[in-house]
Amino acid sequence: MIDNRPKKTKAFIAGVNLNDPNFDYYMTELADLTEANNMEVVGRAEQKAENIVAGTYFGVGKINQIKSMAQGLKAKVLVLNDELSPVQIRNLEKMTKLRVIDRTELILEIFASRARTKQAKLQVALARLQYELPRLHPSENNLDQQRGGGMSNRGAGETKLELNRRTIGKQISAIKKELKAVASQEEIKASRRNQSRIPKVALVGYTNAGKSTTMNGLLKAFDHEGSDKQVFVKNMLFATLDTSVRKIDIDNNKGFILSDTVGFISKLPHNLVESFKATLQEARDADLLVNVVDSSDPNMIQMVRTTQKVLNEISAGNIPMITAYNKADRTGRNYPQIEGDDILYSATDEKSIRMLADLITKRIFAGYGEFELLLPLSDGKELAFLHEHAQVNKEEFKDDGVHVSANIAPSDQARFKKFMIAENA
Ligand SMILES: Nc1nc2c(ncn2[C@@H]2O[C@H](COP(=O)(O)OP(=O)(O)OP(=O)(O)O)[C@@H](O)[C@H]2O)c(=O)[nH]1
Ligand SMILES: [Mg+2]
């Protein structure tokens, strides 16, 4: 059989291990990220050290070793496990004759290739420019003048550098302005959601854990309108970059708003987290987070820790949370199964999805009571309020008033006390 697929660039991955117990895990992630960026990992190396070498990241001996290993394996790119300084990258490129990419650059490239919507594209572009700005260097941007050598060119070089800085600075403000416009449209939608008292649930977690599959499972099990609301699922890192928000109508009238958003990974570049703040807003506004974890992955514990760290970074660390251990079908364990606030399940199994929905509604509607109310016919305001802020299960217009049965949030119960005729257990 002839394989017509384009050949992937061969990459060699390497890092300095400063006695970090998570080092092996970071290197595994680095390999996954490299593959996600359409390259083939052909070899790897590490250097145990007390410090990073300021000018070259590795020591000279290690660099020569990597150079000859990479040559033997026909690697064209050297991918490094940390964010490097521009000087380190340049020196390593000179010494190894390979293209050198650091971890941040790698993640930025993946995000850039995945971005589909205007907002995601702008957010990635902003993160890239912010990464580049402090990295501008006269020798990189001024090759023509530098080549001549000599002091007389220095002034001109600096002017060019200033010009580049100013250009990038201008681009950054222009993108920020555009993002603000997009974000304000999103904010209008979000503020409408926040005003209505329908509880908000956000799926969060490590990339590729199964958040989008979980959302689709819930949509399929509880949506009666069809499948056009399904979101994109793929076995790859960062399949989702944009937030999707859907209403999930549970059978017993306990609906909630569900959002699915970008997944996390260790050492997410700070600029990227900053630029994706608008996208991650849904998670911050949520009443409940569902932390989706791939329970079949041997690095599950580190993944949970990574998620917690990013949640803290975006100020969502204190929102109530359910931990949802997904992909149980690959673990050989019995599922679905609830343990306290946790569930072991499979997002592709309907019974699991119904159990997850049950756990979610129990948590978000805790303290809610179902009340029988009698509202005066003359007072449409209270009924309108109920429709906006509570779940109305039944309403009947009779001679003595409107008979309503509704699930009411604890904070609104006092308001309706005088209309209550019974509380359903
Ligand atoms: N075997 C098995 N595979 C699953 C299950 N849930 C999800 N997957 C697969 O895992 C892969 C990732 O699923 P997604 O739903 O795209 O994951 P995600 O968390 O949204 O990932 P990102 O958007 O990339 O952050 C896909 O290939 C899914 O088919 C499950 O319960 N069992
Ligand atoms: Mg997804």
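Residues numbered from 1 in each chain as written. Chains lettered and ligands numbered in written order. Predicted model: local features only at pLDDT ≥ 70, side-chain atom pairs only at ≥ 80, totals over all residues. Heavy atoms only, no water.

Keep this limit in mind: UniProt positions are given in the numbering used here, feature names are shortened, and annotations may be inferred rather than shown by experiment.
Naming follows an unreviewed UniProt entry, where the chain appears as GTPase HflX of Lactobacillus intestinalis DSM 6629. Taken verbatim from the UniProt record of the chain, the Function (unreviewed entry) comment is "GTPase that associates with the 50S ribosomal subunit and may have a role during protein synthesis or ribosome biogenesis." Entered under Sequence similarities (unreviewed entry) in the UniProt record, the comment concerning the chain runs "Belongs to the TRAFAC class OBG-HflX-like GTPase superfamily. HflX GTPase family."

1. Comments concerning the coordination of the magnesium ion (ligand 2)
Definition in use: In this listing, donors mean N, O and S atoms no farther than 2.8 Å from the metal, or 3.2 Å for Na, K and Ca; water is missing from the atoms, so a site can look incomplete. Secondary structure elements are defined from DSSP: runs of H or I of at least 4 residues count as helices, runs of E of at least 2 residues count as strands, and each element is numbered from the N terminus. Buried means the residue's accessible area, taken with a 1.4 Å probe over protein chains only, is under 20% of the maximum for its type, while exposed means over 50%, and partly exposed covers the values in between.
Here the magnesium ion (ligand 2) is held by the protein donor atoms Ser212 (OG) and Thr240 (OG1), which lie 2.0 to 2.1 Å from it. With Ser212 in helix α9 (residues 211–222) and Thr240 in the loop between α9 and β6 (244–248), this residue pair connects regions lying 28 residues apart in the sequence. The same class applies to Ser212 as to Thr240, namely buried.

2. Regarding the environment of Thr243
Note the threshold: Between N or O atoms, a polar contact is any pair within 3.5 Å; within protein, one atom must be a potential hydrogen donor and the other a potential acceptor, and residues adjacent in sequence are included only when both atoms are from side chains.
For Thr243, the position within the fold is in the loop between α9 and β6. The partly exposed category is assigned to Thr243, whose relative accessible area is 25%. Here the side chain of Thr243 touches Thr261 through a polar contact of 3.1 Å, side chain to side chain.

3. What about the packing of aromatic side chains?
To keep it simple, the criterion reads: Ring pairs are drawn from Phe, Tyr and Trp, using the six-membered ring of Trp, whenever the two centres fall within 6.5 Å, and their geometry is named by plane angle: stacked under 30 degrees, edge-to-face over 60, tilted for the rest.
With the rule as written, the count across this model stands at seven aromatic pairs. Ring geometry for Phe111 and Phe276: centres 5.3 Å apart, planes at 85°, overall edge-to-face. One end of the pair, Phe111, is in helix α4 (residues 103–114); the other, Phe276, is in the loop between α10 (270–275) and α11 (281–285), and 165 residues separate them in sequence. We classify Phe276 as buried; its relative accessible area is 2%.

4. Focus on the site of ligand 1
Convention followed: Proximity is defined per residue: any heavy atom of the residue falling within 4 Å of a molecule or strand makes that residue near it. Shrake-Rupley sampling with a 1.4 Å probe provides the accessible areas, and residues are treated as covered by the protein chains on show and by no other component.
Lys211, Thr213, Ala239, Thr240 and Ser346 are the nearest of the 23 residues found near ligand 1. Asn208 is positioned with one of its backbone polar atoms (N or O) 2.9 Å from an oxygen atom of ligand 1. One nitrogen or oxygen atom from the side chain of Asn326 is found 3.1 Å from an oxygen atom belonging to ligand 1. In isolation ligand 1 exposes 660 Å². Once the protein is present, 88% of that is buried.

5. Brief notes about the side chain of Gln302
Going by this rule: We call two residues in contact whenever any of their non-hydrogen atoms come within 4.5 Å of each other.
With respect to the helices, strands and loops of the structure, Gln302 is situated in helix α12 (residues 300–313). A relative accessible area of 18% means that Gln302 is categorised as buried. When near neighbours in sequence (up to four residues on either side) are disregarded, Gln302 contacts Asn22 and Tyr25.

6. Points about helix α3 (residues 86–96)
At 3.6 residues per turn, the α-helix brings residues three or four places apart onto the same side. The test is simple: Summarising the geometry, the arc corresponds to the directions from the helix axis toward the C-beta atoms.
Buried within α3 we find Pro86, Gln88, Ile89, Leu92 and Thr96. Projected down its long axis, α3 shows its buried positions confined to an angular sector of 160°, all on one face. Elements that come into contact with the buried residues of α3 comprise α2 (60–72), β3 (77–80) and β4 (99–101). Phi for Lys97, located one or two positions after α3, is positive at around 60°.

7. Points about the nonpolar core
Quick reminder of the rule: As used here, the term nonpolar core means buried Ala, Val, Leu, Ile, Met, Phe, Trp, Tyr and Cys residues forming a set that is joined through side-chain atoms within 4.5 Å.
Counting 47 residues, the largest nonpolar core has Phe111, Phe238 and Leu268 as its most contacted members. Put simply, the parts of the chain that give this core at least two residues each are β1 (9–17), α1 (23–36), β3, α4, α5 (118–132), β5 (200–205), α10 and α12. Take this core: its biggest share by element is eight residues, from α1. Residues Leu203, Val292, Ile343 and Ala409 belong to the second largest nonpolar core, which totals 30 residues.

8. What to know about the pairing of β5
How we decide: Two strands qualify as a pair provided that DSSP identifies no fewer than 2 bridges between them.
In terms of residue burial, β5 counts as a mostly covered element, since six of its six residues are buried. Of the two faces of β5, the one lined by Lys200, Ala202 and Val204 and the one lined by Val201, Leu203 and Gly205 are each fully buried. In this sheet, strand β7 (residues 256–260) lies alongside β5 in parallel orientation, the contact comprising four bridges. Each residue of the ladder has a partner; that of Val201, found in β7, is Leu258. In this sheet, strand β8 (residues 288–294) lies alongside β5 in parallel orientation, the contact comprising five bridges. When the sheet's bridge partners are listed, Val204 is paired in β8 with Asn291.

9. Thoughts on the sheet that holds strand β11 (residues 342–344)
Let me state the cut-off plainly: The angle between two axes is taken between their N-to-C directions and runs from 0 to 180 degrees, where each axis is a line fitted to C-alpha atoms and a helix contributes only its stretch in contact.
Taken together, the seven strands give an open sheet; going across it, the order is β6-β7-β5-β8-β9-β11-β10, and neighbouring strands pair in mixed fashion. Of all the strands in the sheet, just β6 and β10 (337–339) have a single pairing partner and so form its edges. Each strand of the sheet is rotated relative to its neighbour by a mean of 25°, with strand direction disregarded. Pairing analysis gives six bridges linking β8 to strand β9 (residues 321–326), with the strands arranged parallel. Residue pairing in the sheet places Asp294 in a bridge with Asn326 of β9.

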